Amino acid sequence: MTITDFFDARLFMSATITLIVIMDPPGTVPVFLSLTGRKPVAFRAKAARQAVLVSLLVISLFAVAGQAILSYLGIGIPALQGAGGLLLLLIALQLLTGKTGGESEAAGDDVNVALVPLGTPLLAGPGAIAATIVFVRQADGHAGAYVALALSIVTVHFVLYLCMRYSGVVIRLIKESGITLLAKIAGLLLAAIAVELVANSVKGFIAGT
């Protein structure tokens, strides 16, 4: 019996690096600040915690039963990419037109920001879901591989939480005008990500025909 029977270090490193690249913890900071930068510190902390928990729940769900869910519903990865892209595009347009992040938003809308778009599809997006399903296939029933993948998912989400939780340091540097500018930049970046997701979705549908 080897150590890989209890913990697959190679899969842990591969999954952690892949998910960090896809979920991009530093890259979430501009979007997070554009949506919550004008809110109190307590609200930002709560939003960071909720967003990470939602993402962890979604990723874990697809890790456990993702392939079965997609097969049962007849949904492919391209469909997930297209849906995620369209949702992100709507959020991007709101950021670019200045319709989110204002002080006049209702408290219920504020809470929802942590769930959508932060928790999903920004963090737990099609790319992260697809990668998780692939790594579950690679685990191929080995207990050590499943332990490594679970620890990898938790580690990545802990890094995501740290980046968003302590993003207040950035706020102190950029001030109110900087947050407004950051919202526009984040909107442009989100729009680019959304277009890329939709393009990949179209390519996936074409390749599957």
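In this text the structure is predicted, and so the values were computed from the model without any measurement.

The rules we used
- Residues numbered from 1 in each chain as written.
- Predicted model: local features only at pLDDT ≥ 70, side-chain atom pairs only at ≥ 80, totals over all residues.
- Heavy atoms only, no water.
- Helix = DSSP H or I, 4+ residues; strand = E, 2+ residues; numbered from the N terminus.
- Buried < 20%, exposed > 50% of the residue type's maximum accessible area, 1.4 Å probe, protein only.
- Polar contact = N/O pair within 3.5 Å; in protein donor to acceptor, adjacent residues only side chain to side chain.
- Axes fitted to C-alpha atoms, helices over the stretch in contact; angles between N-to-C directions.
- Parallel < 35°, antiparallel > 145°, perpendicular 65-115°, else oblique.
- Left-handed = near helix turned anticlockwise from the far one by under 90°.
- Contact = heavy atoms within 4.5 Å.
- Nonpolar A, V, L, I, M, F, W, Y, C, P; charged D, E, K, R; others polar.

Details of the side chain of S34
Inference 1: With respect to the element layout, S34 can be found in helix α2 (residues 25-36).
Inference 2: By relative accessible area, which is 1% here, S34 ends up buried.
Inference 3: A polar contact is formed between the side chain of S34 and the backbone oxygen of V31, at a distance of 2.7 Å.

Looking at the packing of helix α3 (residues 41-73) against helix α7 (residues 143-165)
Inference 1: Two elements in contact, α3 and α7, have axes whose closest approach is 9 Å; the angle formed by their N-to-C orientations is 160 degrees. As the angle between them shows, α3 and α7 are arranged roughly antiparallel. Taken as a pair, α3 and α7 cross one another with a handedness that is right-handed. Mapping the contact onto sequence places A45, A48, R49, A51, V52, S55, L56, I59 and A63 in α3 and I153, H157, L160, Y161, M164 and R165 in α7.
Inference 2: Looking at the contact of α3 with α7, its residues break down into eleven nonpolar, two polar and two charged.

Topic: the environment of T36
Inference 1: Of note, T36 is situated in helix α2.
Inference 2: T36 sits 77 residues away from V113 along the chain, and the two C-alpha atoms are 8.3 Å apart.
Inference 3: Discounting chain neighbours no more than four positions away, the residues touching T36 are F43, R44, A47 and V113.

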